[in-house]
Amino acid sequence: MIGTGVVAIQLVRNWPFTKQAVTIALQDRFARTVEIRNFRGTYFPPGFIAEGISFLHRQHKNLPPLITVRTLILQASYAGLFSIHKRVGRVQVIGLHVLVPPKSTNGKSNSVMPLTDSSSAKSLAIAEIQADGALLEFMSSRSDKEPFKIEVHRLILDHVGENGPIFFRAALLNTEPPGEIRSTGQFGPWNADEPGSTPVSGSYTFENANLGVFEGIAGTLSSRGKFSGTLEHIETQGGADVPNFHVSDSSHIVHLSTEFQAEVDATNGDTLLQSVRSHFERTTVLSSGGVTGQPGQRGKTVALEMAVKDGRIEDLLRLITEDKHPSMTGNLSLRARIKLPPGPPGFLKKLDLEGDFGVTHERFTNAAVQAPVNKLTESARGENKKQETEDPETVLSYLKGHVSVKAGIATLSHVSFSAPGTLAQIRGTYNLLNKTVNLQGVLHTNGKLSDTTSGFKAIVLKAVSPFLKKKSVTEVPFTVGGTSTQPSFALDFDGKRTF
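Residues numbered from 1 in each chain as written. Predicted model: local features only at pLDDT ≥ 70, side-chain atom pairs only at ≥ 80, totals over all residues. Heavy atoms only, no water.

Colleague: Is there a simple way to think about the overall build of the chain in this case?
Modeller: When its secondary structure is counted, the chain shows six helices and 25 strands. Taking all 499 residues of the chain together, the buried fraction comes to 40%. Taking all contacts inside the chain whose residues are at least 6 apart in sequence as the whole, residues at least 24 apart take part in 50%. Of the accessible surface of the chain, which amounts to about 27,000 Å², a share of 56% is contributed by carbon and sulfur atoms. (Helix = DSSP H or I, 4+ residues; strand = E, 2+ residues; numbered from the N terminus. Buried < 20%, exposed > 50% of the residue type's maximum accessible area, 1.4 Å probe, protein only. Contact = heavy atoms within 4.5 Å. Areas by Shrake-Rupley, 256 points an atom, 1.4 Å probe, with all protein chains shown as cover.)

Colleague: How do you make sense of unusual backbone geometry when you look at a structure like this?
Modeller: Glycine aside, a negative phi is what most residues show, and trans is what most peptide bonds show. Each neighbour pair has its own omega, and for Phe-44 with Pro-45 the value is 0°, a cis peptide bond. Note that Pro-45 resides in the loop between strand 1 (34–43) and strand 2 (46–55). In this structure, Asn-208 takes a positive phi of about 55° despite not being glycine. Mapped onto the fold, Asn-208 is located in strand 9 (residues 199–210). When its relative accessible area of 59% is taken as the criterion, Asn-208 is described as exposed. For Lys-435, which is not glycine, the phi torsion reads 70° and is therefore positive.

Colleague: Just checking my understanding: could you explain the side chain of Ser-416 for this structure?
Modeller: For Ser-416, the position within the fold is in strand 20 (residues 409–419). If sequence neighbours within four positions are ignored, Ser-416 has contacts with Tyr-398, Leu-399, Lys-400, Leu-423, Ala-424 and Gln-425.

Colleague: Explanation requested: the environment of Lys-309 in the structure shown.
Modeller: In this structure, Lys-309 sits in strand 16 (residues 300–312). Along the primary structure Lys-309 and Thr-284 are separated by 25 residues, whereas in three dimensions their C-alpha atoms are 7.5 Å apart. When neighbours within four sequence positions are excluded, Lys-309 is seen to be in contact with Thr-284 and Leu-332.

Colleague: Is there a simple way to explain the packing of aromatic side chains in this structure?
Modeller: What characterises a pair of aromatic rings is the spacing of the ring centres plus the angle enclosed by the ring planes. Counted under the stated rule, the structure contains one aromatic pair. Look at Phe-39 and Phe-48: their rings are 5.3 Å apart centre to centre, the planes differ by 25°, and that puts the pair in the stacked class. (Phe/Tyr/Trp six-rings, centres within 6.5 Å; stacked < 30°, edge-to-face > 60°.)

Colleague: Looking at this model, I keep getting lost on the nonpolar core. Mind explaining?
Modeller: A general tendency of soluble globular proteins is for nonpolar side chains to be buried together. Judged by nonpolar contacts, the single largest core of 78 residues is most densely connected at Leu-26, Ile-53, Phe-55, Leu-72, Val-93, Phe-168 and Phe-245. No other element matches strand 4 (residues 87–100), which puts six residues into this core. Dropping the residues within four chain positions of it, Phe-245 is found in contact with Leu-211, Ile-217, Ala-218, Gly-219, His-252, Ile-253, Val-254, Leu-256 and Leu-319. Core analysis: the second largest hydrophobic core is formed by eight residues, Ile-338, Val-403, Val-405 and Ala-410 among them. (Core = buried A, V, L, I, M, F, W, Y, C linked by side-chain atoms within 4.5 Å.)

Colleague: Would you mind going over the pattern of salt bridges with me for this structure?
Modeller: Charged atoms that come close allow side chains of opposite charge to pair. In total, this model carries nine salt bridges according to the counting rule given. The partner of Arg-182 in a salt bridge is Glu-180, with the nearest N and O atoms 2.9 Å apart. For Asp-352, the salt bridge goes to Arg-337, with nearest N and O atoms at 3.5 Å. One end of the pair, Asp-352, is in strand 18 (residues 352–364); the other, Arg-337, is in strand 17 (residues 328–340), with 15 residues separating them in the sequence. According to the relative accessible area criterion, Asp-352 is buried, its value standing at 18%. Residue Arg-337 is classed as partly exposed on the basis of its relative accessible area of 28%. (Salt bridge = Lys/Arg side-chain N within 4 Å of Asp/Glu carboxyl O.)

Colleague: What is the right way to look at the pairing of strand 1 in this model?
Modeller: Strand residues, when the strand is regular, have side chains that alternate between the two faces of the sheet. For strand 1 and strand 2, the ladder comprises nine bridges, and the chain directions are antiparallel. Within strand 2, the residue paired with Thr-42 across the bridge is Gly-47. Between the antiparallel neighbours strand 1 and strand 2 lie two residues. (Pairing = 2+ DSSP bridges.)

Colleague: Looking at this structure, I do not really get the environment of Lys-400. What am I missing?
Modeller: With respect to the helices and strands, the residue Lys-400 is situated in strand 19 (residues 398–406). Put simply, Lys-400 and Ser-413 are 13 residues apart on the chain and 9.7 Å apart in space, counted from C-alpha to C-alpha. In this structure, Lys-400 is in contact with Phe-357, Gly-358, His-414, Val-415 and Ser-416, ignoring residues within four places of it in sequence.

Colleague: Would you take a moment to explain the side chain of Thr-258 for this structure?
Modeller: Looking at where Thr-258 falls in the secondary structure, it is placed in strand 13 (residues 254–264). For Thr-258, a relative accessible area of 17% translates into the label buried. A polar contact is formed between the side chain of Thr-258 and the side chain of Ser-278, at a distance of 3.4 Å. Those residues within four positions of Thr-258 in sequence are excluded, and the remaining contacts are Gly-238, Gly-239, Ala-240, Val-276, Arg-277 and Ser-278. (Polar contact = N/O pair within 3.5 Å; in protein donor to acceptor, adjacent residues only side chain to side chain.)

Colleague: How should the environment of Gln-274 be read in this particular structure?
Modeller: The topology assignment puts Gln-274 in strand 14 (residues 271–280). Exposure remark for Gln-274: the relative accessible area of 41% places this residue in the partly exposed category. Distance from Gln-274 to Gly-290, taken between C-alpha atoms, is 8.2 Å for residues 16 residues apart in sequence. If we skip the residues at most four places from it in the chain, Gln-274 touches Glu-235, Gln-261, Ala-262, Glu-263 and Ser-288.

Colleague: Whenever I open this one, the confidence of the model for the chain confuses me. Can you help?
Modeller: Predicted coordinates in regions of low pLDDT should not be interpreted in detail. Averaged over every residue, the pLDDT of the chain is 76; residues scoring 70 or more account for 69%. Counted against residues more than four places away or in other chains, residues 1–8, with its pLDDT under 50, gives one contact. (pLDDT = per-residue confidence, 0-100.)

Here it is as structure tokens:
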């Protein structure tokens, strides 16, 4: 009984959870001045509730605090207070806001991460820290650049204060596309001099993200992967799956799957895409590039190098057209550079694309369109235009050219369409916004235009053929106007042709 009374007296005299004791303990842990606005101690269980906690700059105390906490709740046990190695059962942090400043002119940072550093050798082991509504802001050394922000919806830290890595379970709110990223792994020890060198590793999942926030596309994305490295150089690999991907101007839905390897800088959000392999239908797209910030620009710019080898043109057409059946089939090769800056005015208006394409073994799926091509080819080869059985070789052709997209306008140049004995050269523009077409071209053929039964015969009458002869090759200048769904064709005798 007397012993219990002595213990109680000693505990009261040395009660660790007073405002003064907690302030001193936090100042030791963070090696900086700490201010607490409101404080209330608890006894069952032993602990405290502190509100309005600010961790000030070491030298510039007039600046906004590096760390603020709206509410800090600590719960211990009496057994833990009397143990040799002091241990706290649970700490709850509500409204944590951390500013991670850039390196100073001497190359060092003034930042200290919560509960990961100490100015003395004393250590307080904490079984679990739960942080809800945390916000991390990585400050830039440039005054014109806004800090990179990470919003953590829920964070649980284990084994804090044991001079080793901290194990975490986190739920982060992603804004574009909206959704929750869940991650588990380990973090630290925190490098106070160079925060970007702090080790981190783990895995993540991202489920049911709505791609509809991006103008021009829609679908539900799920992704999972793993990562390791340091905050400035996180190597990550994983995959993403969109079973219902489609472009807004198309009614076709495709299953898009992606595998990737990338490097992420968690201090500013920049991502370098080392290898991205995307697959839909029978076509695979290989990409590399980055999603990075630019000087004087808010947000991230997407810059990609893309390549398609042995793909299918019909797969691409399904993505961008409303037609029930693609107008063309064939093997597709493509190499393009894409740049997409952040913000308005919308996907198609800000898309910057330069690319070269080629389609082999091409065939128009519409018989009315393919028929004149076949007839011209047969005539050019001197074959019997009345043959009943179609020679598969007569439907083979080759389409190639260059495309440049800026401000919603696709400019086509060096475009040629060829079949045996027939060549068409085309250039002009296509408005991606209102679908209007403005093309000029020349058709060269060794055959007779009168051999066509549709298509070009509607444009070039049999009577004008003698006036278009040049060295036994028929040259037919033409223009294409109207829209992509209702094109209009006409002869172009006065047009300047430099094909």
